[in-house]
Number of protein chains: 2
Amino acid sequence: MGFMSVDSQYDILTSRIEEILPKKEFMYKLEKSVKNNIPLNIKLGCDPSRPDLHIGHSVVLNKLKQFQDLGHNIILVIGDFTAMIGDPTGRNKTRPQIDLKETKENSKTYISQVSKILNIKKTKIVYNSKWLNEINFNKLIKLSSKFTLAQFLERDDFSKRYNSGLPISLHEFMYPLAQAYDSVYLRSDIEIGGTDQKFNLLLARDLQKEFGMEPQVVLTMPLIEGTDGFEKMSKSYENYIAFNDSPNEMYGKILSIPDNLIFKYFKYISSLTLKEIIDFQLSLKTNKINHRDLKRKLARDIVSIYYDNKSASQAEENFDRVIVNKGIPKDIKIISISERVKLLDFLFDNNLISSKGEGKRLIKQSAIKLNDEIVKDLHFNLEIKKEYTIKVGKRRFIKIK
Amino acid sequence: MGFMSVDSQYDILTSRIEEILPKKEFMYKLEKSVKNNIPLNIKLGCDPSRPDLHIGHSVVLNKLKQFQDLGHNIILVIGDFTAMIGDPTGRNKTRPQIDLKETKENSKTYISQVSKILNIKKTKIVYNSKWLNEINFNKLIKLSSKFTLAQFLERDDFSKRYNSGLPISLHEFMYPLAQAYDSVYLRSDIEIGGTDQKFNLLLARDLQKEFGMEPQVVLTMPLIEGTDGFEKMSKSYENYIAFNDSPNEMYGKILSIPDNLIFKYFKYISSLTLKEIIDFQLSLKTNKINHRDLKRKLARDIVSIYYDNKSASQAEENFDRVIVNKGIPKDIKIISISERVKLLDFLFDNNLISSKGEGKRLIKQSAIKLNDEIVKDLHFNLEIKKEYTIKVGKRRFIKIK
């Protein structure tokens, strides 16, 4: 197989990114790859303790996809080693400890979601416990001797915590070390990550050099804000669009983003070319298109990435019926009940609310409607042999018949 | 076997020390030991990369000896694990890397020297590689999670280096961790060390608590100055009196110490009781004894600890003949030569100088005499069929006949 020319690859791969460094080394690696007809190893670290992917993750995956389409080797490193340890102090909530079974299940979920973007058959999937379990105390002393405390305290969150007197546990230095060793073991040429990973990705370079290897090039992608337009997209902020959201949910969520996010989303999570995006920007400036229509185009595009064009059209129709015309969706779920049941219990059992607490909050916010009337009673009961159309929030519907 | 009363033990063990902490816990451990008739585990870490013991080390060993005589278990932990790793950066000269063979040989040497003070048959000798080799990355993350960076930066040398911008390698945090884990593994009740070890000894307490164990009591002993009266006694400062020095060397070296060290040596490295020492102090004040005579008593005492009374008397006689009366020692070594030979080659071959460089330096300092005449010629040759008496420095003699 022949590779595309170095310059073309370079242009594609360095557009729509945050930073690539060092640029010269990247060029050099591409040249060597083309000359020797050998693909580059592109590494991405994956956290199996957080298996629910959202569109924020697609920023990085889209870039990987470009590498894959250009013929390079994509390596997903499932960080099962650290996930199974978690954070022994329990202070770091982003590092829950999960067991072997969960790790395997989560990895499966993870991979099935990733396959919505990558060609998973051409993707190498490895588990870092394989080599990290082999590291003993002796080897670890040698590994850690390659780094100084000052190097670690350069990292933003470490230096902030140190300077404000917050505790930094010694084991926290081990995770970046483990990640760096992954790059050594895998002979990674390029590692991709969010800007928050920059320190860790650079650290791996130092370790690779210590092992007499050509260091990896570091490619960072921006972190995108969630649908609130304020916080970084994250499950914990509830401002995310999940890979597994239904087409209707996806479409509706995109339509809810603030206007100033539209082009960032186009740039990093859509399938549009740069040229198309620039054309849209021009059209907006000259009032040939408005923000709402741009969002509709964005939403259709994104639904078709995760589903297909037909689903995207249906989601749009549904949105128009339900939200714009305040109607009932065509495919509303219909349930029958055989006995009197509390409204909130019913909604919870049918997954329209994630908890009773959420249900109560929604009632207090007048966000639950029964046959178009706002529900005010937290203990409202549904009677049998009656028909109800229930609307929860803007987009969730269910019918009882 | 019954133990001596708690109070008597407490008084003996806490006299002539730098610090014991916490005092209450020490008392409690003694009480429990006496009540249950179970000896305490007294731990001392030994560095097999520095097998040449000097009298500075005896300060700690003498205290161990008291514990041993009182019926407690002495555990010498040979730090072969870290010795075999050394300092991977090579920056720390006090951590040379030695191999398995050296470790074994050095440990043997070490133990044979220690047996000049301890009853080695009653001493438990263990090698920490046994359990530290078993620690994998996973376990190490858990261990290190028990400590914070701030805790380590409390240690004097770390904080000084950090504040003055000198590099601290990450692996340096591992050694105290390993040492602390030794205490966990060995269920140490008391760990003894020099004042420079205080941080490490205290760290082990924290780890023992994390493991649900009663923490060890920390007993520190002062570091004594070497014969120069200025630097801490150390092989690298050449101001030491080795366990393996000959009686004559030992005696001579003690006589060379500055007056202000006499009572510190009496207190920490002699066999004298506190009462005897106080009597000497009184005699000195009232001019009943002078510094020179005190040193002679100290020197005799020390030679008899490492050899016996007879050797001590002989060393004293020798000293008087050679140094005081500038005479020739009785037991002078006699060599014959069969061909013309360079003086410096001859001295080097017969171990009177440690290198030609030293020989040249001594000649320049007029410190080599041939038949009582100062040698000035660096290339002086010894002829056959002549008699020479050669004196090197103050105490080294050889005769050619």
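The rules we used
- Residues numbered from 1 in each chain as written.
- Chains lettered and ligands numbered in written order.
- Predicted model: local features only at pLDDT ≥ 70, side-chain atom pairs only at ≥ 80, totals over all residues.
- Heavy atoms only, no water.
- Helix = DSSP H or I, 4+ residues; strand = E, 2+ residues; numbered from the N terminus.
- Buried < 20%, exposed > 50% of the residue type's maximum accessible area, 1.4 Å probe, protein only.
- Contact = heavy atoms within 4.5 Å.
- Areas by Shrake-Rupley, 256 points an atom, 1.4 Å probe, with all protein chains shown as cover.
- Lys, Arg positive; Asp, Glu negative; His and termini not counted.
- Charge placed at Lys NZ, Arg CZ, Asp CG, Glu CD.
- Buried area = accessible area lost by both parts, 1.4 Å probe.
- Salt bridge = Lys/Arg side-chain N within 4 Å of Asp/Glu carboxyl O.
- Polar contact = N/O pair within 3.5 Å; in protein donor to acceptor, adjacent residues only side chain to side chain.
- Least-squares fit on C-alpha atoms with pLDDT ≥ 70 in both.
- Core = buried A, V, L, I, M, F, W, Y, C linked by side-chain atoms within 4.5 Å.
- Domains from an automatic or database assignment.
- Axes fitted to C-alpha atoms, helices over the stretch in contact; angles between N-to-C directions.
- Left-handed = near helix turned anticlockwise from the far one by under 90°.
- Nonpolar A, V, L, I, M, F, W, Y, C, P; charged D, E, K, R; others polar.
- Pairing = 2+ DSSP bridges.
- Phe/Tyr/Trp six-rings, centres within 6.5 Å; stacked < 30°, edge-to-face > 60°.
- Lys NZ or Arg CZ within 6 Å of the ring centre and 35° of its normal.
- Expected span 1.5 Å × (residues − 1).
- Bend = angle between axes of the 7 residues up to and from the residue.

## Notes on the overall build of chain A
- Broken down by element type, chain A carries 18 helices and 13 strands.
- Each principal axis of the C-alpha atoms in chain A carries an extent, and together these give about 75 × 50 × 40 Å.
- Counting the 401 residues in chain A, one finds 50% classified as buried.
- Long-range contacts, defined here as pairs at least 24 residues apart, represent 69% of the contacts in chain A between residues at least 6 apart.
- Element-wise, carbon and sulfur atoms account for 49% of the exposed surface of chain A, whose accessible area totals about 19700 Å².
- Put simply, chain A has 65 plus and 51 minus side-chain charges, and the middle of one group is 2 Å from the middle of the other.

## With respect to the interface of chain A and chain B
- Taken residue by residue, the interface counts 31 residues in chain A and 31 residues in chain B.
- A combined buried area of about 2900 Å² lies between chain A and chain B, and 78% of that area is made up of carbon and sulfur atoms.
- Counting the surface chain A buries against chain B, the share from its top three residues, Phe137, Leu149 and Leu170 of chain A, is 26%.
- At the boundary of chain A and chain B, one finds zero salt bridges.
- The interface formed by chain A and chain B includes six residue pairs in polar contact (both at pLDDT 80 or more).
- Among the secondary structure elements, those contributing two or more residues to the side of chain A that touches chain B are helix 4 (80-85), helix 7 (137-144), helix 8 (149-153) and helix 10 (174-186) of chain A.

## Brief notes about the relation of the copies chain A and chain B
- The two copies are related by a screw motion: chain A maps onto chain B through a turn of 179° and a shift of 0.1 Å along the axis, at an RMSD of 0.3 Å. Interpreted geometrically, this transformation is the action of a two-fold axis. Scanning chain A for the C-alpha nearest the rotation axis identifies Asn136 of chain A, at a separation of 2.1 Å.
- Taken together, the interface assignments show that 100% of the residues at the interface of chain A recur at the interface of chain B, consistent with an identical surface on both copies.

## Observations regarding the nonpolar core
- Grouped together as the largest cluster of nonpolar side chains are 66 residues, with contacts concentrated most on Phe173 of chain A together with Phe173 of chain B.
- If sequence neighbours within four positions are ignored, Phe173 of chain B has contacts with Leu149, Leu170 and Phe173 of chain A together with Leu149, Phe152, Phe158 and Ile168 of chain B.

## Here's the deal with unusual backbone geometry
- The omega torsion of the bond from Leu21 of chain A to Pro22 of chain A falls at -5°, within 30 degrees of zero and hence cis.
- As for its position among the elements, Pro22 of chain A is in the loop between strand 1 (19-21) and helix 2 (23-36).
- In this structure, Asn287 of chain B is a non-glycine residue whose phi angle is positive, near 60°.
- Turning to its location among the elements, Asn287 of chain B is positioned in the loop between helix 14 (274-285) and helix 15 (291-306).
- The exposure class assigned to Asn287 of chain B is exposed, which follows from its relative accessible area of 68%.
- In the Ramachandran plot, Asn351 of chain B falls in the positive-phi region, its phi being about 65° despite a non-glycine side chain.
- Looking at where Asn351 of chain B falls in the secondary structure, it is placed in the loop between helix 17 (343-349) and helix 18 (356-364).

## Digging into the domain arrangement of chain A
- Split by domain assignment, chain A resolves into domain 1 (6-221), domain 2 (235-324) and domain 3 (334-400).
- The C-alpha-based centres of domain 2 of chain A and domain 3 of chain A are spaced at 29 Å.

## A look at the packing of helix 12 (residues 247-255) of chain B against helix 16 (residues 309-324) of chain B
Residues and elements named next belong to chain B.
- Helix 16 packs onto helix 12 with a crossing angle of 65° between their chain directions and a minimal axis gap of 9 Å. Along this stretch, helix 12 crosses helix 16, giving a crossing that reads as right-handed. Between helix 12, through Pro247, Asn248, Tyr251, Gly252 and Leu255, and helix 16, the contact on the second element is made entirely by Ser311, Ala312, Gln314, Ala315, Glu316, Asn318 and Phe319.
- A class-by-class count of the residues in the contact of helix 12 with helix 16 yields six nonpolar, five polar and one charged.

## Overview of the side chain of Ser183 of chain A
All names here are of chain A.
- Checked against the element boundaries, Ser183 lands in helix 10.
- At 2.7 Å, the side chain of Ser183 and the side chain of Lys43 are in polar contact.
- At 3.1 Å, the side chain of Ser183 forms a polar contact with the side chain of Glu191.
- Here Ser183 is in contact with Lys43, Ser188, Glu191, Ala204, Gln208, Met213 and Gln216, once residues within four sequence places are set aside.

## Notes on the sheet that holds strand 3 (residues 73-78) of chain A
Residues and elements named next belong to chain A.
- Judged by pairing direction, the sheet is mixed, and its six strands sit side by side in the order 1-6-5-2-3-4 without closing on themselves. Looking at strand neighbours, the two that pair on one side only are strand 1 and strand 4 (123-127), the edges of this open sheet. For this sheet the average axis-to-axis angle between neighbouring strands, irrespective of direction, equals 25°.
- Bridge count for strand 5 (residues 190-194) against strand 6 (residues 217-221) is five bridges, and the pairing is parallel. The residue bridging Gly193 from the neighbouring strand is Thr220, located in strand 6.
- The strands that helix 5 (residues 100-114) touches are strand 2 (41-46), strand 3 and strand 4; relative to strand 4, the one it contacts most, it runs at about 160°.

## Quick notes on the packing of aromatic side chains
- Overall, the coordinates contain 29 aromatic pairs over all chains when judged by the stated rule.
- Seen in terms of ring centroids, Phe158 of chain A and Phe173 of chain A are 5.2 Å apart; in terms of plane orientation they differ by 80°. Their pairing is edge-to-face. A residue pair is termed long-range when its members are at least 10 positions apart, and Phe158 of chain A in helix 9 (residues 156-163) and Phe173 of chain A in the loop between helix 9 and helix 10 qualify at 15 residues. Neither residue differs from the other here; Phe158 of chain A and Phe173 of chain A are each classed as buried.
- Summarising the aromatic geometry, the rings of Phe266 of chain A and Phe280 of chain A are spaced 5.4 Å apart at their centres and angled 35° between planes, so their arrangement reads as tilted. Remark: Phe280 of chain A occurs in helix 14 (residues 274-285) and Phe266 of chain A occurs in helix 13 (residues 262-269); sequence separation between them is 14 residues. Like Phe266 of chain A, the residue Phe280 of chain A is buried in the burial classification.
- Among the aromatic side chains, those forming a connected cluster through ring pairs are Phe147, Phe152, Phe158, Phe173 and Phe199 of chain A.
- For the cation-ring pair, Lys116 of chain B lies above Tyr307 of chain B, with the distance from its terminal atom to the ring centre recorded as 5.3 Å.
- In this structure, Arg155 of chain B packs its charged tip against the face of Phe158 of chain B, placed 4.1 Å from the ring centre.

## Quick notes on the sheet that holds strand 1 (residues 19-21) of chain B
All names here are of chain B.
- Taken in spatial order, the six strands make up an open sheet running 1-6-5-2-3-4, and their pairing is mixed. Each edge of the open sheet is held by one strand with a lone partner, namely strand 1 and strand 4 (123-127). Each neighbouring strand pair of the sheet contributes to a mean axis angle of 25°, computed without reference to strand direction.
- Where strand 2 (residues 41-46) and strand 5 (residues 190-194) come together, two bridges link them in parallel fashion. Looking at the pairing, Ile42 lines up with Ile190 of strand 5.

## Quick word on helix 3 (residues 55-69) of chain B
All names here are of chain B.
- For helix 3, spanning 15 residues, the distance from its first C-alpha to its last is 20 Å, which sits close to the expected 21 Å at 1.5 Å a residue.
- At Leu61, helix 3 shows its strongest bend, of approximately 25°.
- The complete set of buried residues in helix 3 reads Ile55, Gly56, Ser58, Val59, Val60, Leu61, Lys63, Leu64, Phe67 and Gln68.

## Quick word on the side chain of Ser234 of chain B
- Assignment of secondary structure puts Ser234 of chain B in the loop between strand 6 (217-221) and helix 12.
- With near-sequence residues (within four places) excluded, Ser234 of chain B lies in contact with His54, Asn239 and Tyr240 of chain B.

## A few points about the pattern of salt bridges
- In the structure shown here, the tally under the stated rule is 50 salt bridges over all chains.
- A salt bridge links Lys101 of chain A to Glu105 of chain A; the nearest nitrogen and oxygen atoms lie 3.9 Å apart. Of this pair, Lys101 of chain A and Glu105 of chain A are both found in helix 5, four residues apart, which corresponds to roughly one turn of the helix.
- Residue class for Glu105 of chain A comes out partly exposed when judged on its relative accessible area of 43%.
- Between Asp245 of chain B and Lys253 of chain B there is a salt bridge, with its nearest N and O atoms 2.7 Å apart. Lys253 of chain B shares its class with Asp245 of chain B; the two are buried.
- Residues joined by salt bridges that share partners form a network here, namely Lys29, Lys32, Asp189 and Glu214 of chain A.

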